[in-house]
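Architecture and fold: a report
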Amino acid sequence: MRPKKRNSGTTQSKELKPSPGGASPDKKESQELSVKKHRDKDAEFVTLCKSLHVTDLVCDHAWKLWKSVQDSMEEVLDNQKRLWGACLFVSATDMDVACFTLTEVLKAVSLNVKQFLALVRKLDVNLDTISTKVNSALTQLEKKYDVTLALYQRFEKTCKKIFALVSDTEERKTIQSCWTMFLLARGRALQMEDDLVISFQLLLCTLEFCIKRCPPDLLQPLYKSAISKVQSPPTRTSRRNQSKAKSRPPEPEVDLQLLKTLCQENECNAEEVKNVYQTSFSAFMESLDLSKSPDFPPGKDLNQQYEEHYLKSRDLDGRLFFEEDATVLLPKIEISQVERTPKKNQADEDAVLIPPQTPIRAAMNSIQQLRGDLTSSGDQPSTNLATYFKNCTVDPTQDMLKRLETLGQAFSQRFGQAVGPRCVILGRQRFTLGVKLYYKVMEAMLKSEEKRLSVQNFSKLLNDSTFHTSLLACALEVVMATYGESSFKTGGYNHGGCGTSEKNVCFPWILDVVNLAAFDFYKVIESFIKADPTLNKDIVKHLEACENLIMERIAWRTGSPLFELLKQERESGAAEQVETPASFSQPLQHNHTAADLYLSPMRPGVRTLPPDSPATPSSQASVQPPAQTANQSPRFPKSNSLSLFYKKLYRLAYTRLKILCSYLLSAHPELEPIIWTLFQHTLQHEHELMRDRHLDQLMMSAMYAICKVKSVDLRFKIIVSAYKNMPNTNQETFKHVLITEGHYDSIIVFYNQVFMQKLKTNILQYASTRPPQLSPIPQIPRSPYKFPNSPLRVPGSNNVYISPMKSPRMSPGIMTPRSRMLVSIGESFGLSNRFQKINQMVNSSERSFKRTLDMGSPPKPLKRLRFDVDGQDEADGSKSNGDSTLIQRLTEMSSTRSRMQEQKMKEDVESRKE
């Protein structure tokens, strides 16, 4: 059995003995830096290395890295020492040598966290300076910092409500010890210390523990009265039963009234916090021998134990938030300000203050909404659902319950392995919520199918294990995303972005847990969204992002049923192509539901009738294929699931290509349809090129190929640097491309050795006088998912939109516009200059320009590219003779964008002042 990384028991405190001088245990083993060996280096650089206790190897590696990027960096003289610190961080992370903590290097180069992380990423001027390992560490550090900052901000506000300003010194020591205790509890209890919700629940547990042990004169009246009169019944109960008490573990001493008060004040579910207390937090108290102690633990002891944890993690010192240290403070421009929204019938100067939408408030509101929507849904099938099961030819109930039991155990165990050893029970709670949502959506789907098809026997669908597993997986993914435990930092790559595999619950983690193919999961997403109109917009966007990720990459992994389906289509003569280009001009509207997709594909010899036919897939009806002539091979219709997949794939592919072309080829609009034709041809006829690869790898290769044959100066380094600014991209896409089995290299090597070799004949046709016929451009809808709360345009107007009233469950914070104006028609609005600003905003091109900014803009072109083959700049081995007109244009666009962003930020500041 694999050992756990952290234990929440006394064994850990014994293992982590402080080394002499408070240094990291790893530093004791490291060799002392020899100044004599580094006479060839800058003396100040060597001094910095010595202050950070780096080894000779790290010093050499960092200096080599510095020399490699020195010529490519601008303004080196002003921030040379800071860049050295960044090089040392990259080198130590790459070599996995424990020299210094993040805090130590921040203080050595006088930068805060955000500035330093941005500087490290800036080193990637040659696109291969920052490895996957370093990028993963950066992402994890940044996420943990953001979570810790949000937690401290809420901690600070909550403490002002809890403690009375009686004795400032005593109160400050108490609060400081409470924060340190929380940091230690989080480090001991959680492997995923960047889990916002569970961390916040642990914070409330810590506050409950501290409040009970505070002198009453330090507390505000609300919390003074919230403390129960009887705090620990077991200590006053029978001495007669002491032997019985020893034979069983004592119940965690939790003051339920106090805990409920804390939860109510912080919009948190009390039952969930109680469970966190009784599992993770109580185990932490046992490790410190505090479970029965009536006294507050000494601050010195807490500091010493947290110091050991912090040095072992080589991380950020969380105590600095309390000390308001410059290394953890945000730049002033990033500090969120309280927004002001006018009260009804009041002038501007009497505006009411509404708190901003903080990360914790957003998370608590999302959880509250999900739990509220599922209040009436039980964890057992409803009466209506049970009726559907009984109407089946084969009742699916028993198989379904067995499946839920098996998957429930697997989910909660894997959740505990990923989040923390004591979090298995929390995993079970997440699963229970997922089951409620699963039943709710299943019932809605069946009602819709009954109405559409006028049948009640869904035996074939309800006895399909893949359908049930997919529906459950989608419900669990919604729950995970609501709790903030699933994201897309990895871009679908299992080995980067969210940390190591055992701590990674980002999508597609859920597919691995329930052993489900991504292509099967994709089939349920759209029907799931349509079946549950209560899903908020963020969750809908999350599921849409899951769908895109599946189409871009995950569905194309070896072993995916997609390849078997494509093979069947080709062998059975179902259709010459998976989706005809002629359909591109048609809107993406279809009648396929989850039932159609899960009962598709059709095998040769059996053909299911269309969905609108009286006989339906669910009723298991089938007909023989149409008669064929003697010389004609049998032909069968395309699979519904494959057809819809390719429709969406083409539209996604063209949307991403259009964005990249807008960055790079606005001067050559005639090239976009040609590139699209090659791109579409590759997906249709050479889909094996997608095996274990990414959609964008084919897109960039197609763009380079067409520009090459059309003699347009567009080099790969410019394509890749622009691609980095596109939404939802990952550096692995162009740095880690499959070449041959088990061998990966850069996008340039892929183009040379794979893409061009496979498509050379086709590519050269575009240079001839008789090029191939162009593929039609797909019609791109705004979104395949219609949001019920999206603004609708008023007929006959261009810029006037209306939105339905928000749900009364939503807090005012969610409804607050950010950097925009809220107008209530027919009521006093205040100063007249506000109407003038609205007119200017409506008449300006701000709306269209904002869309451009959302897509990003091309970065400054790279001076060198070192991840190519044979040291050449381009895929064909050619070198550039200086900056082209395109490069100059990109530089101008980047500069213009920066100026416009600065102006917009100034306007936002002015609007807040008003």
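Note that this is a predicted model, so its numbers are computed, not measured. (Residues numbered from 1 in each chain as written. Predicted model: local features only at pLDDT ≥ 70, side-chain atom pairs only at ≥ 80, totals over all residues. Heavy atoms only, no water.)

Some details on the overall build of the chain
Quick reminder of the rule: For helices the rule is a DSSP run of H or I covering at least 4 residues; for strands it is a run of E covering at least 2, with both sets numbered from the N terminus onward. The contact rule is simple, with two residues in contact once any of their heavy atoms fall within 4.5 Å. Shrake-Rupley sampling with a 1.4 Å probe provides the accessible areas, and residues are treated as covered by the protein chains on show and by no other component.
The number of helices and strands found in the chain is 37 helices and six strands. Taking contacts inside the chain between residues at least 6 apart in sequence as the whole, the part at least 24 apart equals 76%. A total of about 43,900 Å² of accessible surface is found on the chain, and carbon and sulfur atoms cover 50% of it.

A short note on the nonpolar core
Here is the rule: Side-chain atoms within 4.5 Å are what join buried Ala, Val, Leu, Ile, Met, Phe, Trp, Tyr and Cys residues into a set we call a nonpolar core. Buried residues are those whose accessible area, probed at 1.4 Å on protein chains only, stays under 20% of the maximum for their type, while exposed residues exceed 50% and partly exposed ones sit between those limits.
Membership of the largest hydrophobic core comes to 240 residues, with the highest contact counts inside it found for Phe528, Leu660 and Met703. Examining the composition of this core, we find that 15 residues originate from one element, helix α28 (residues 640-664), more than from any other. Contact partners of Phe528, with chain neighbours within four places excluded, come to Leu437, Val441, Met445, Leu471, Cys474, Ala475, Val478, Leu535 and Leu543.

What to know about the pattern of salt bridges
Filter applied, for reference: A pairing counts as a salt bridge when a side-chain nitrogen of Lys or Arg comes within 4 Å of a carboxyl oxygen of Asp or Glu.
Taken as a whole and judged by the stated rule, the model has 31 salt bridges. Residues Asp713 and Arg715 are paired through a salt bridge, measuring 3.3 Å at the closest nitrogen-oxygen approach. On the accessibility criterion, Asp713 (40% relative accessible area) is partly exposed. We classify Arg715 as buried; its relative accessible area is 7%.

Structural notes on the side chain of Arg656
Note the following rule: What qualifies as a polar contact is a pair of N or O atoms within 3.5 Å, subject to a donor-acceptor requirement within protein and to the restriction that residues adjacent in sequence count only when both atoms come from side chains.
Relative to the helices and strands, Arg656 resides in helix α28. In this structure the side chain of Arg656 is engaged in a polar contact, spanning 3.0 Å, whose partner is the side chain of Asp696. Dropping the residues within four chain positions of it, Arg656 is found in contact with Glu552, Asp696, Met699, Tyr723, Met726, Pro727, Asn728 and Thr729.

Looking at the packing of aromatic side chains
The following threshold applies: Within 6.5 Å between ring centres, the rings of Phe, Tyr and Trp (the latter by its six-membered ring) count as paired, and their orientation is classed by plane angle as stacked under 30 degrees, edge-to-face over 60, tilted in between. Comment: the charge-over-ring label is applied if NZ (Lys) or CZ (Arg) is within 6 Å of the ring centre and within 35 degrees of the ring normal.
On inspection of all chains with the given rule, the structure shows 38 aromatic pairs. Each ring, one from Tyr152 and one from Trp179, has its centre 5.0 Å from the other, and the planes form 70 degrees; the classification is edge-to-face. Linking Tyr152 in helix α8 (residues 132-162) with Trp179 in helix α9 (residues 168-189), this pair joins segments that are 27 residues apart in sequence. The burial state of Tyr152 is the same as that of Trp179; both residues are buried. With centroids separated by 5.5 Å and ring planes inclined at 75 degrees, the aromatic side chains of Phe467 and Tyr598 adopt a geometry described as edge-to-face. Of this pair, Phe467 sits in helix α22 (residues 465-482) while Tyr598 sits in helix α27 (residues 594-598), and the two are 131 residues apart along the sequence. Accessibility expressed as a relative area gives 2% for Phe467, which makes it buried. The exposure class of Tyr598 is buried, given its relative accessible area of 6%. Taken together through their ring pairs, the aromatic side chains of Phe519, Tyr522, Trp556, Phe563, Phe645, Tyr646, Tyr650, Tyr654, Trp676 and Phe679 make up a single cluster. Across the ring face of Phe209, the terminal group of Arg213 is positioned such that the distance to the ring centre comes to 3.8 Å.

A few points about helix α20 (residues 424-453)
Put simply, the rule is: Helix span is expected to be 1.5 Å times the residue number reduced by one.
For α20, spanning 30 residues, the distance from its first C-alpha to its last is 42 Å, which sits close to the expected 44 Å at 1.5 Å a residue. Immediately downstream of α20, the backbone of Ser454 shows phi near 55 degrees, a positive value.

Observations regarding the state of the cysteines
Counted only if it meets this: The disulfide criterion is simple: two cysteine sulfur atoms within 2.5 Å.
One pass over the structure, following the stated rule, counts zero disulfides. The cysteine Cys99 is free of any disulfide, with Cys49 supplying the nearest cysteine sulfur at 9.1 Å. Exposure remark for Cys99: the relative accessible area of 1% places this residue in the buried category. Unpaired in terms of disulfides, Cys707 finds its nearest cysteine sulfur in Cys661, a separation of 7.8 Å.

Examining the confidence of the model for the chain
Selection criterion: The pLDDT score gives, residue by residue, the confidence of the prediction method on a 0 to 100 scale.
Per-residue pLDDT for the chain averages 76, and the proportion of residues at 70 or more is 66%. Taken as a whole, residues 602-617 scores under 50 in pLDDT and shows 34 contacts with residues more than four places along the chain or in a different chain.

Observations concerning the packing of helix α4 (residues 56-70) against helix α5 (residues 80-95)
Which entries qualify depends on this criterion: Every angle, taken between N-to-C directions, lies between 0 and 180 degrees, and every axis is a line fitted to C-alpha atoms, over only the stretch in contact when it is a helix. The labels follow the angle: roughly parallel below 35 degrees, roughly antiparallel above 145, roughly perpendicular from 65 to 115, and oblique for the rest. Crossing handedness is defined as follows: a turn of the near helix away from the far one that is anticlockwise and smaller than a right angle gives a left-handed crossing, while the clockwise case is right-handed. Residues are grouped as follows: Ala, Val, Leu, Ile, Met, Phe, Trp, Tyr, Cys and Pro are nonpolar; Asp, Glu, Lys and Arg are charged; every other residue, Gly included, is polar.
Where α4 contacts α5, the two axes come as close as 8 Å, and the packing angle between them is 125 degrees. As the angle between them shows, α4 and α5 are arranged oblique. Here the hand of the crossing between α4 and α5 comes out right-handed. Of the residues in α5, those touching α4 at Leu57, Val58, His61, Ala62, Trp63, Leu65 and Trp66 are Gln80, Leu83, Trp84, Cys87, Leu88, Val90, Ser91, Ala92 and Met95. The residue inventory of the contact of α4 with α5, partitioned by class, reads 13 nonpolar, three polar and no charged.

Topic: unusual backbone geometry
In this chain, Phe507 is followed by Pro508 through a cis amide linkage whose omega measures 20 degrees. The phi angle at Asn515 is positive, at roughly 55 degrees, despite the residue not being glycine. Its place among the elements puts Asn515 in the loop between α23 (509-513) and α24 (518-531). The backbone of Asn728 shows a phi angle near 55 degrees, a positive value even though the residue is not glycine. Structurally, Asn728 can be placed in the loop between α31 (716-723) and α32 (732-735). Owing to a relative accessible area of 64%, Asn728 belongs among the exposed residues under this scheme.

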